[in-house]
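Descriptive structure summary
Given next are the chains, with one letter for each unit.
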Amino acid sequence: MIHIDADFECGSGGEICKIGESAYAVEPKPELVPDWFLKALDQHFGGAGVPREYAFHVRLRSSASEPLQCSVRCIFTQTSGKGYMAPPYWMYQGGRWRPVADEQTKYVEHEYVDLTVTVSPGEVIRLANKPYVSTIQMQEDMQDLVSMTDGLFSIRELGRTEENRSILALETEPRDETILVGATMQPAEPAAHPVMAVAHWLTDRSMLTQRLLARFQFCLIPMPNPDGTAHGRSVTNAVGEVPMFSFGHVVRGEPAPAESVALWRYAEQIKPAAYMEFHTHYQNNRFHKLNPMSIDWFPESMHERVHRVEDALMHINAAWRVTPLTPDLPLIECGKFANLTAQYHTLSYCYQIYTITEEATCAHAVTVVSTLAQALAGPDWAADLPEVRIERG
């Protein structure tokens, strides 16, 4: 017999029903959003604009005495976003995530996907639309990195969520300017591992990273919405708020999600020169996407630097989707990007990575932050290379 559920950390599924012999259908986990946000979406985007209910993560356990083939149908909703539920899908088995093979995946656009897998006796596997990582694992990964790097990183608690989970940042030593790198607060676009990949890259002892560490403080936030992650949400936290779109409330002194408050208070302290936020899709059905701040957010004295950094980022990829964030965009005041730029002239970027594997996604994030940091440091810094020391060995 197969037992299927979503009652575990990061699990995401609504009603589950049996639709055949060893075949099950999983409704999306219902995700209500605040009335003010829903009204804004209806007013500006016809109810669309921000996908939700696009997480899927279930567990299968076998109590049979022989291997069983099982089919699991993930049903889509009208709010799941264009292409967001496209393959590949993922299976957690043997201690790691691996993609479900094409021949085991039947994808019907806008409707559902059927995943057919074999579960061995006593085996427990998980199926998901993304390779999700738990809050506990991420906290352990951060602590392990700190313990291994001999003072390079420290961990700062930025605040606590409604369910008393820590919101944590990794920090290098303070410098005159700070680069802030964060995962999106939308748990269904899990970017914790790419952000951690940037942290690991900074430990490689190369000339480049050592010079960048001397030039900038790096602050990294791999999991800014841990309650939402733990509950398998797409855009909300544990109490149905939308932290990613609530920074305007914080700035205006209005009630706001604990996650938004914690990140904004942190930004007030570090006043980042640049902010890069990653959204991951683990798909290759679309080009990478960049949302830079339009030039009219910045004083003329900064225009050369802004153009230099954006030009460097644009040369990462040969093809793009790019939408500059202008002051007249609907809901622009809700997000952290506009508020960081308006308050501190932060060069803020939203970057959506479209690569299939975890390894490629992490490597791409490193490329992006390396490119950003070098361009931000400028040509004089780039030309001022130290002498290379060589020892016989």
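Please refer to the structure higher up on the page.
The shown structure was predicted, so the numbers you read here are calculated from the model rather than taken from an experiment.

Definitions and cut-offs
- Residues numbered from 1 in each chain as written.
- Predicted model: local features only at pLDDT ≥ 70, side-chain atom pairs only at ≥ 80, totals over all residues.
- Heavy atoms only, no water.
- Helix = DSSP H or I, 4+ residues; strand = E, 2+ residues; numbered from the N terminus.
- Rg over C-alpha atoms; globule rule 2.2 N^0.38 Å.
- Buried < 20%, exposed > 50% of the residue type's maximum accessible area, 1.4 Å probe, protein only.
- Contact = heavy atoms within 4.5 Å.
- Areas by Shrake-Rupley, 256 points an atom, 1.4 Å probe, with all protein chains shown as cover.
- Lys, Arg positive; Asp, Glu negative; His and termini not counted.
- Charge placed at Lys NZ, Arg CZ, Asp CG, Glu CD.
- 1 Å grid on protein atoms, 1.4 Å probe; cavity = no way out; pocket = protein on both sides within 12 Å on 5 of 7 lines; lining within 4 Å.
- Points joined across faces, edges and corners; volume = space filled by probe spheres on them.
- Pairing = 2+ DSSP bridges.
- Axes fitted to C-alpha atoms, helices over the stretch in contact; angles between N-to-C directions.
- Polar contact = N/O pair within 3.5 Å; in protein donor to acceptor, adjacent residues only side chain to side chain.
- Patch = residues over 30% accessible without salt bridge, like charges linked within 9 Å, V, L, I, M, F, W, Y side chains within 5 Å.
- Salt bridge = Lys/Arg side-chain N within 4 Å of Asp/Glu carboxyl O.
- Core = buried A, V, L, I, M, F, W, Y, C linked by side-chain atoms within 4.5 Å.
- Parallel < 35°, antiparallel > 145°, perpendicular 65-115°, else oblique.

**Thoughts on the overall build of the protein chain**
Along the backbone of the protein chain there are 11 helices and 18 strands. Compactness check: the protein chain gives a C-alpha radius of gyration of 22 Å against a globular reference of 21 Å for 393 residues, within 12% of the reference. The 393 residues of the protein chain split such that 56% are buried. Considering only intrachain contacts with a sequence separation of at least 6, the fraction spanning at least 24 residues in the protein chain is 77%. When the accessible surface of the protein chain is split by element, carbon and sulfur atoms take 49% of a total near 17400 Å². Between the averaged position of the 32 positive side-chain charges in the protein chain and that of its 49 negative side-chain charges there is a distance of 1 Å.

**Quick look at empty space enclosed by the protein**
If you roll a probe as big as a water molecule over the atoms, it shows you where there is empty space left. Evaluation of the coordinates by the stated rule reveals four cavities of 30 Å³ or more. Volume-wise, the largest cavity comes out at about 110 Å³. As for the largest cavity, its lining consists of 15 residues, of which P187, P190, A191, M223 and T229 are closest to the centre. In this model, the second largest cavity occupies a volume close to 70 Å³. Along the walls of the second largest cavity sit L180, I221, F247, L263, W264, A267, Y275, K336 and L340, which together make up its complete lining. Looking at the lining of the second largest cavity, the elements that each hand over two or more residues are α7 (258–270) and α9 (336–344). A total of three residues in the lining of the second largest cavity trace back to one element, the largest contributor, which is α7.

**Considering the sheet that holds strand β13 (residues 177–183)**
The eight strands are arranged β11-β12-β14-β13-β15-β18-β16-β17 in an open sheet whose pairing can be described as mixed. Single-partner strands in this sheet number two, and they are β11 (154–160) and β17 (321–322). Alignment of strand β12 (residues 166–171) against strand β14 (residues 216–221), held across two bridges, turns out to be antiparallel. Residue pairing across strands places E171 opposite C219, the latter belonging to β14.

**Points about the sheet that holds strand β6 (residues 90–93)**
One open sheet accounts for five strands, arranged β1-β4-β10-β6-β7; its pairing is antiparallel. The open sheet has two free edges, formed respectively by β1 (2–5) and β7 (96–99), since each of these has just one partner strand. Strand-to-strand, the axes of this sheet are offset by a mean angle of 25°, without reference to chain direction. Here strand β4 (residues 57–62) runs beside strand β10 (residues 124–128); their pairing, made up of five bridges, is antiparallel.

**Topic: the side chain of T172**
Note that T172 resides in the loop between β12 and β13. What makes T172 buried here is its relative accessible area of 5%. For T172, the side chain forms a polar contact with the main-chain nitrogen of F218, separated by 2.8 Å. Ignoring sequence-local partners within four residues, the contact set of T172 consists of L152, F153, L213, F216, Q217 and F218.

**Brief notes about a nonpolar patch on the surface**
On the surface, M207, L385, V388 and I390 cluster together to form a nonpolar patch covering roughly 430 Å² of accessible area. Its place among the elements puts V388 in the segment after α11 (379–383).

**A closer look at the nonpolar core**
F56, L60, L127, F218 and F278 are the most contacted members of the largest nonpolar core, which totals 120 residues. It is helix α10 (residues 358–377) that contributes the most residues to this core, 10 residues altogether. Excluding residues within four positions of it along the chain, L127 makes contact with F56, H57, V58, L60, V72, W90, M91, V100, L115 and V117.

**Thoughts on the packing of helix α2 (residues 135–148) against helix α3 (residues 192–201)**
It is the contact of α2 with α3, at a shortest axis distance of 12 Å, that shows an interaxial angle of 0°. Between α2 and α3, the crossing angle belongs to the class labelled roughly parallel. Facing α2, whose interface residues are Q137, M138, D141, M142 and L145, α3 presents A192, H193, M196, A199 and H200.

**Quick notes on the pairing of strand β9 (residues 112–119)**
Every other side chain in a regular strand lies on the same face of the sheet, so the side chains alternate between the two faces. Among the eight residues that make up β9, six are buried, leaving the element largely enclosed by the rest of the structure. Across eight bridges, the pairing between strand β5 (residues 68–75) and β9 is antiparallel. Considered in β9, the bridge of I75 is made with Y112. As judged from the four bridges shared by strand β8 (residues 105–108) and β9, these two strands associate in the antiparallel manner. What sits directly across from Y107, in β9, is V113. Connecting the antiparallel pair β8 and β9 is a turn made up of three residues, with H110 showing a positive phi of about 70°.

**Observations regarding the pattern of salt bridges**
Taken as a whole, this structure holds 14 salt bridges when the rule is applied. Residue D227 pairs with R165 through a salt bridge whose shortest N-O separation is 2.8 Å. A residue pair is termed long-range when its members are at least 10 positions apart, and D227 in helix α5 (residues 226–230) and R165 in the loop between β11 and β12 qualify at 62 residues. Residue D227 is classed as buried on the basis of its relative accessible area, which comes to 0%. We classify R165 as partly exposed; its relative accessible area is 23%.

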